Number of protein chains: 2
Amino acid sequence: MESSDLKKAGLKITLPRMKILEFMEASDVRHHSADDIHSALREKGEDIGLATVYRVLTQFENKGLVDRHRFEGDNQVSNQSVFELKIKGHHDHIVCVSCGKVEEFYDETIELRQKEVAVAKGYEVTGHSLTLYGKCPACKKS
Amino acid sequence: MESSDLKKAGLKITLPRMKILEFMEASDVRHHSADDIHSALREKGEDIGLATVYRVLTQFENKGLVDRHRFEGDNQVSNQSVFELKIKGHHDHIVCVSCGKVEEFYDETIELRQKEVAVAKGYEVTGHSLTLYGKCPACKKS
DNA sequence: CTAGTTGCAAAAGATTTGCAGACGT
DNA sequence: ACGTCTGCAAATCTTTTGCAACTAG
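Okay, so let's go over this structure. In this text the structure is predicted, and so the values were computed from the model without any measurement. Along each chain, residue indices are assigned from 1 in the same order as the chain's sequence is written. Note on labels: chains are lettered from A, ligands numbered from 1, in written order. Where totals are concerned, whole chains, interfaces and linings use all residues; where local detail is concerned, this predicted model gives features only for residues with pLDDT of at least 70, and gives and counts side-chain atom pairs only at 80 or more. To obtain the side-chain values, all non-hydrogen atoms of the structure were used and water was disregarded.

1. Points about the environment of A:Cys96
Thinking step 1. Put simply, DSSP H or I for four residues or longer makes a helix, DSSP E for two residues or longer makes a strand, and each gets a number counted from the N terminus. Structurally, A:Cys96 is set in strand 4 (residues 92–96).
Thinking step 2. By relative accessible area, A:Cys96 is classed as buried at 2%.
Thinking step 3. The sequence separation of A:Cys96 and A:Asp35 amounts to 61 residues, and the corresponding C-alpha distance is 21 Å.
Thinking step 4. The contact definition used throughout considers only heavy atoms, calling two residues in contact when any of these lie within 4.5 Å. Once you skip the residues sitting within four places of it in the chain, A:Cys96 turns out to touch A:Lys101, A:Gly134, A:Lys135, A:Cys136, A:Cys139 and B:Tyr123. Categorising residues by exposure relies on relative accessible area from a 1.4 Å probe, with only protein chains included: less than 20% of the type maximum marks a residue as buried, more than 50% marks it as exposed, and the intermediate range marks it as partly exposed.

Structure (structure tokens):
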């Protein structure tokens, strides 16, 4: 399923692209910084440059294969963008401010209301970004 | 009202801090990058370093005087953080992807639903960030 | 073969930090 | 006077770009 996605997107099937896609699919975590991916692949013995990782992710983003997020919020740990495969439908995020864990959720009520708010202001909506910040169950105890 | 805010926050009342606060209060735009503020003050003849602007804004953020946002979204223009005075109550943002204009809104339904979603997942909410992206009325025509 | 890709190093943009001097209280 | 700030320059961090070599189709 990987190579067909690339072909469909009009991108040549190259080793770095395959490796990056594979890594993102195989990982149990869904959000990765460019550096995460680069280090992970390096450790696996792949010789892929960080610049290539950025280039590939940017291409994927433009082709609609991945989303790029910039989590902000209370105790922001890093300034890096994070990327996630766009295999599932749209959803928003909830980030733990203590351990950095990211979960996803989708709420029809919120989605609908957002559109209403925008239209009421005369906007033509093209997208949105919603992220909740808080302490996850595990971190609440400590 | 400015100096008292600073004093309350436990910060010395210095010229750069006053100037930055004044500028943010006086401006009709509510969101400014560190560089915006720096340039604006420079043009007014104030001799304030960019590093100081960043330091002051970061202090203000920690003291709860300002919020820092990192708008992401469809046609990302810049990677700069923007800061806004926290004088008004909480609200979210709607950003025009064409002209970059930022408007604010507050919707009780969305706020409520967010809290519900987080609680349902066992989180203790500490904050959230919601930004809609779209074309503003003026830009829709073009 | 040929255009699209890659790795590396250098560049660029945003933000932070070290330090000596200046300022607020 | 004293500890806090400030400006400047240098350092850091993240991301992008130039370029010569390489590779998929």
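2. Some thoughts on the protein's contact with DNA strand C
Thinking step 1. Each residue is tested against the molecule or strand, and it is near if at least one of its non-hydrogen atoms lies within 4 Å. Close to DNA strand C lie 21 residues, the nearest being A:Thr14, A:Asp47, A:Thr52, A:Arg55 and B:Tyr54.
Thinking step 2. The sugar-phosphate portion of DNA strand C accounts for 70% of its atoms within 4 Å of the protein, the bases making up the rest.
Thinking step 3. Here A:Arg42 contributes a side-chain N or O atom positioned 3.2 Å from a phosphate oxygen of DNA strand C.
Thinking step 4. Within the contact set of DNA strand C, a base oxygen lies 3.1 Å away from a side-chain nitrogen or oxygen of B:Arg55.
Thinking step 5. Of all the secondary structure elements, the ones that give two or more residues to the surface near DNA strand C are helix 2 (15–26) and helix 4 (50–62) of chain A together with helix 4 (50–62) of chain B.
Thinking step 6. A per-element tally of the surface near DNA strand C places helix 4 of chain B first, with five residues. For this analysis, a polar contact is any N or O atom pair within 3.5 Å, provided that within protein one partner can donate a hydrogen and the other can accept it, and provided that sequence-adjacent residues contribute only side-chain to side-chain pairs.

3. What about the protein's contact with DNA strand D?
Thinking step 1. Close contacts around DNA strand D come from 20 residues, with A:Tyr54, B:Thr14, B:Asp47, B:Thr52 and B:Arg55 the closest.
Thinking step 2. Among the atoms of DNA strand D lying within 4 Å of the protein, the sugar-phosphate backbone contributes 71%.
Thinking step 3. Between B:Gly49 and DNA strand D, the recorded distance is 3.2 Å, taken from a backbone N or O atom to a phosphate oxygen.
Thinking step 4. B:Arg55 is positioned with one of its side-chain polar atoms (N or O) 2.7 Å from a base nitrogen of DNA strand D.
Thinking step 5. Of all the secondary-structure elements, those providing two or more residues to the surface near DNA strand D are helix 4 of chain A together with helix 2 (15–26) and helix 4 of chain B.
Thinking step 6. Each residue gets one label: Ala, Val, Leu, Ile, Met, Phe, Trp, Tyr, Cys and Pro are nonpolar, Asp, Glu, Lys and Arg are charged, and the others, such as Gly, are polar. For the surface near DNA strand D, a count of residues per class yields seven nonpolar, six polar and seven charged.

4. Quick notes on the sheet that holds strand 6 (residues 124–135) of chain B
Thinking step 1. Note on pairing: two strands pair once DSSP finds at least 2 bridges between them. Ordered by their spatial adjacency, six strands build an open sheet running 5(A)-4(A)-6(A)-6(B)-4(B)-5(B), and the pairing between neighbours is mixed. Looking at the sheet topology across the chains shown, the edges are occupied by strand 5 (102–105) of chain A together with strand 5 (102–105) of chain B. If you compare each strand with its neighbour and ignore which way they point, the axes differ by 25 degrees on average.
Thinking step 2. The sheet contact formed by strand 4 of chain A and strand 5 of chain A spans four bridges and is antiparallel. Within the sheet, the bridge partner assigned to A:Ile94 lies in strand 5 of chain A and is A:Glu103.
Thinking step 3. Here an axis means a line fitted to C-alpha atoms, over the contact stretch when the element is a helix, while the angle between two N-to-C directions is reported on a 0 to 180 degree scale. In the packing of helix 5 (residues 108–120) of chain A onto the sheet, the strands contacted are strand 4, strand 5 and strand 6 (124–135) of chain A together with strand 4 (92–96), strand 5 and strand 6 of chain B, and the crossing angle to strand 6 of chain A comes to about 130 degrees.

5. With respect to the interface of chain A and chain B
Thinking step 1. Taken together, the contact pairs 42 residues of chain A with 41 residues of chain B.
Thinking step 2. Taken as a group, A:Arg70, A:Glu72 and A:Tyr123 account for 21% of the area that chain A buries against chain B, more than any other trio of residues on that side.
Thinking step 3. When a carboxyl oxygen of Asp or Glu lies within 4 Å of a side-chain nitrogen of Lys or Arg, that pair is called a salt bridge. For the interface between chain A and chain B, the tally reads four salt bridges.
Thinking step 4. Here A:Glu103 makes a salt bridge to B:Lys121, at a shortest N to O gap of 3.5 Å.
Thinking step 5. Linking chain A to chain B there are 25 residue pairs in polar contact (both at pLDDT 80 or more).
Thinking step 6. If you tally residues by element for the side of chain A that touches chain B, the top one is strand 6 of chain A, at twelve residues. Buried area counts how much accessible surface, traced with a 1.4 Å probe, disappears from two parts once they are put together, with both parts' losses summed.

6. Some thoughts on helix 5 of chain A
An α-helix turns once per 3.6 residues; consequently, residues spaced three or four apart project the same way.
All names here are of chain A.
Thinking step 1. One fewer than the residue count of a helix, multiplied by 1.5 Å, yields its expected span. For helix 5, with 13 residues, the first-to-last C-alpha span of 18 Å sits near the 18 Å given by 1.5 Å per residue.
Thinking step 2. Along helix 5, the residues classified as buried are Ile110, Glu111, Gln114, Val117 and Ala118. Mapping the buried residues of helix 5 onto a view down its axis gives an arc of 130 degrees, with all of them on the same face. Turned more than 90 degrees away from the buried face of helix 5 sit Lys115, Val119 and Ala120, all of them exposed.
Thinking step 3. In this structure Asp107 caps helix 5, since a side-chain oxygen of it lies 3.1 Å from the backbone nitrogen of Thr109.
Thinking step 4. One or two steps after helix 5, the chain reaches Gly122, where phi turns positive at roughly 85 degrees. Relevant arc is that of directions from the helix axis to the C-beta atoms, nothing else.

Remember that the coordinates give geometry; whether it matters functionally is a separate question.
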